[in-house]
Amino acid sequence: MTFSKQTSLIHSKHKTDPHTGAVSVPIQHASTFDQPDIEQFGDYDYARSGNPTREALEDTIADLENGTHGFAFASGMAAISTTFMMLSSGDHLVITDDVYGGTFRLTTKVLQRQGIEHTFVDMTDPEAVARAVQPNTKMIFMETPSNPTMKITPIKEIVKIAEKQGCLTVLDNTFMTPVLQRPLDLGVDVVVHSATKFIGGHSDVVAGLTIVKDEALAGELKFLQNSFGAILGPQDCWLVLRGLKTLHTRMEASSLAAAKIADWLLEQPEVEHVYYPGLKDHPGYDINQEQAEGAGAVLSFRLADKEAVRKVVQAVEIPVFAVSLGAVESILSYPPTMSHAAMSDEERNARGITDGLLRLSVGLEKPEDLMNDFAQAFKKIGVKESWR
Ligand SMILES: *Cc1c(COP(=O)(O)O)cnc(C)c1O
């Protein structure tokens, strides 16, 4: 009998420990493993190269993404950095222009120094992507929906361009998770995640994941994971595995709530614009419908200015005001000074990340409570400081 992903995630081969029957994956802390012979080694030798707890997580995420191999890293940035290590000096990278701030920093400040060139491009426009490709382009890096303006990249169109060029495609799937979007099925070569976000889901672990379905690529990533060494520790692997068990339910509930809140925000006079790919007039609505099974749980909205943002942030009671997203508690963040602080004001404004922009990652609270909370906070916008 074959099960849906939602069921097989919980009833996989890691459901019980074969030695004890324990219904939770054991946390193996050993750094080294006793070997039976001078020539024949067991499945594990040294824990950087392989660890059974990490392997359980790597198997689980590979299965969820319809891949064959998964790799767990110490953070999302470690997963992305290790993936970029497939590039060499003299190679060129085409990358989405509203990429995550940390990936922007890595590309402009680290890869550049190592002789890896890049071109930022609006990935919603396949023609612009095709124009940006050079003879030495070895990788196209996508992130969809993008952060924080939720732009949608037409994944299949970009894959076609990469196939023509014979280069790799990498997609940061952090915002959607494999519950809503499975890029490997759409022809993407490498999927990366910050598992710190929805996959972990509880704001209590920093982790990264990379998934592929090609044997040669898996071999290369395994080699790079072991060479670079930015692996995820066993305790943190267990926390991510625990978070994963409720991923489907969390994504479903939070996406539903996000859709309700986005509709409500549209009606509020204090809100100038709402960025959510589930809204019918969002420019990427149709493409997102086609390539994903939902619009996710993150939305952004624009208030008049920084002063309005300051008042709302001070007045809201439910969401935590913090960096990060994808947790049981709603997280409100201010991209200009948080996720996109590494960007100059000019670059930031050019990407639509203006002074009035707030991003909301919707958690598991009752959506009506969140709307009431924002309603009372919006009332403070018109009020002069001295009147309070
Ligand atoms: C947070 C994030 C990252 C970086 O992940 P860390 O776990 O913080 O290193 C990369 N991409 C996206 C889209 C993110 O939101």
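Cut-offs and rules
Residues numbered from 1 in each chain as written. Predicted model: local features only at pLDDT ≥ 70, side-chain atom pairs only at ≥ 80, totals over all residues. Heavy atoms only, no water. Near = heavy atom within 4 Å. Polar contact = N/O pair within 3.5 Å; in protein donor to acceptor, adjacent residues only side chain to side chain. Areas by Shrake-Rupley, 256 points an atom, 1.4 Å probe, with all protein chains shown as cover. Helix = DSSP H or I, 4+ residues; strand = E, 2+ residues; numbered from the N terminus. Nonpolar A, V, L, I, M, F, W, Y, C, P; charged D, E, K, R; others polar. Domains from an automatic or database assignment. Contact = heavy atoms within 4.5 Å. Buried area = accessible area lost by both parts, 1.4 Å probe. Salt bridge = Lys/Arg side-chain N within 4 Å of Asp/Glu carboxyl O. Axes fitted to C-alpha atoms, helices over the stretch in contact; angles between N-to-C directions. Left-handed = near helix turned anticlockwise from the far one by under 90°. UniProt positions renumbered as here; feature names shortened; annotations may be inferred. Core = buried A, V, L, I, M, F, W, Y, C linked by side-chain atoms within 4.5 Å. Buried < 20%, exposed > 50% of the residue type's maximum accessible area, 1.4 Å probe, protein only. Pairing = 2+ DSSP bridges.

J.: Outline the site of the ligand, supporting the account with residue identities and numerical values.
T.: Residues in contact with the ligand amount to 14 residues; listed here are only the nearest, Gly76, Met77, Asp172, Thr196 and Lys197. At 2.8 Å from an oxygen atom of the ligand is found a main-chain nitrogen or oxygen belonging to Met77. The side chain of Asp172 places a nitrogen or oxygen atom 2.6 Å from a nitrogen atom of the ligand. Its free accessible area being 380 Å², the ligand has 92% of it covered by the protein chains. With 3 residues, the top contributor of residues to the shell around the ligand is helix α3 (residues 76-84). Residues of the shell around the ligand, tallied by class, amount to 6 nonpolar, 5 polar and 3 charged.

J.: So what about the domain arrangement of the chain? Which residues, and what values?
T.: Domain parsing of the chain yields domain 1 (5-244) and domain 2 (247-378). The centre of domain 1, based on its C-alpha atoms, is set 26 Å off from the matching centre of domain 2. Opposite the 40 residues of domain 1 that make contact, domain 2 presents 40 residues. Summing both sides of the interface, domain 1 and domain 2 together bury roughly 3,300 Å²; the carbon and sulfur share of this comes to 63%. The partner of Arg182 in a salt bridge is Glu293, with the nearest N and O atoms 2.4 Å apart. In this assembly, domain 1 and domain 2 are joined by 16 residue pairs in polar contact (both at pLDDT 80 or more). Secondary-structure elements contributing two or more residues to the side of domain 1 that touches domain 2 are α1 (5-10), α4 (101-111), α7 (177-180) and α9 (234-244). Grouping the amino acids of the side of domain 1 that touches domain 2 by side-chain chemistry returns 19 nonpolar, 14 polar and 7 charged.

J.: How would you sum up the packing of helix α2 (residues 52-64) against α9? Please name residues and give values.
T.: As a packed pair, α2 and α9 sit with axes 8 Å apart at the nearest point and diverge in direction by 35°. At the point where α2 passes α9, the crossing takes the left-handed sense. In contact with Thr53, Arg54, Ala56, Leu57, Thr60 and Leu64 of α2, α9 contributes Pro234, Cys237, Trp238, Val240, Leu241 and Leu244.

J.: Outline the UniProt feature "modified residue: N6-(pyridoxal phosphate)lysine" (unreviewed entry) in the chain, supporting the account with residue identities and numerical values.
T.: As annotated by UniProt and renumbered to match this structure, "modified residue: N6-(pyridoxal phosphate)lysine" (unreviewed entry) occupies Lys197. Inspection of the secondary structure puts Lys197 in the loop between β6 (190-194) and β7 (208-212).

J.: Give me the nonpolar core: which residues, what numbers.
T.: Ranked by internal contacts, the top residues of the largest apolar core, which has 36 residues, are Leu57, Ile199, Leu209 and Val240. Mapped onto this core, the elements with two or more residues apiece are α2, α7, β7, α9 and α10 (247-266). Shared between two domains, this core holds at least three residues of each, these being domain 1 (5-244) and domain 2 (247-378). Among the nonpolar cores identified, the runner-up in size contains 32 residues, and Ala258, Trp264, Val271 and Val312 belong to it.

J.: Describe the environment of Pro367, listing the residues and the values that go with them.
T.: Position of Pro367 relative to the elements: it lies in helix α14 (residues 367-378). Judged by its relative accessible area of 13%, Pro367 is buried. With 110 residues separating them in the primary sequence, Pro367 and Ala257 have C-alpha atoms 5.3 Å apart. Ignoring anything within four residues of it in the chain, the contact list for Pro367 reads Ala257, Lys260 and Ile261.

J.: Describe the pairing of β6, with residues and values.
T.: Within β6, 5 of the 5 residues are buried, leaving the element largely enclosed by the surrounding structure. Burial along β6 is two-sided: Val190, Val192 and Ser194 facing one way and Val191 and His193 facing the other are all buried. As paired elements, strand β5 (residues 168-172) and β6 share 3 bridges and run parallel to each other. Paired with Leu171 across the bridge in β6 is Val191. Relative to β7, β6 runs antiparallel, the two sharing 5 bridges. Along β7, the bridge assignment pairs His193 with Leu209.

J.: Residues and numbers for the sheet that holds β7, please.
T.: The strand order across the open sheet built from 7 strands is β1-β7-β6-β5-β4-β2-β3, with neighbouring strands paired in mixed fashion. Each edge of the open sheet carries a strand with a single partner, namely β1 (69-73) and β3 (117-121). Within this sheet the neighbouring strands show an average axis-to-axis angle of 20°, counted without direction. On top of the sheet, α4 reaches β2 (92-96), β3 and β4 (137-143); it is set at about 145° to β3, its chief contact. Contacts from helix α8 (residues 215-228) reach β1, β5, β6 and β7 within the one sheet, and its direction differs from that of β1 by about 20°.

J.: Got a sec to walk through the pattern of salt bridges? Specific residues and values, please.
T.: This structure, assessed with the given rule, holds 14 salt bridges. Across the salt bridge formed by Glu307 and Arg310, the nearest N and O atoms sit 3.3 Å from each other. Here Glu307 pairs with Arg310, and both are found in helix α12 (residues 306-315), just 3 residues apart, close to one helical turn. On the basis of relative accessible area, Glu307 is assigned to the partly exposed category, the value being 36%. With a shortest N-O distance of 3.4 Å, Arg348 and Asp355 are connected by a salt bridge. What makes Arg348 buried here is its relative accessible area of 6%.

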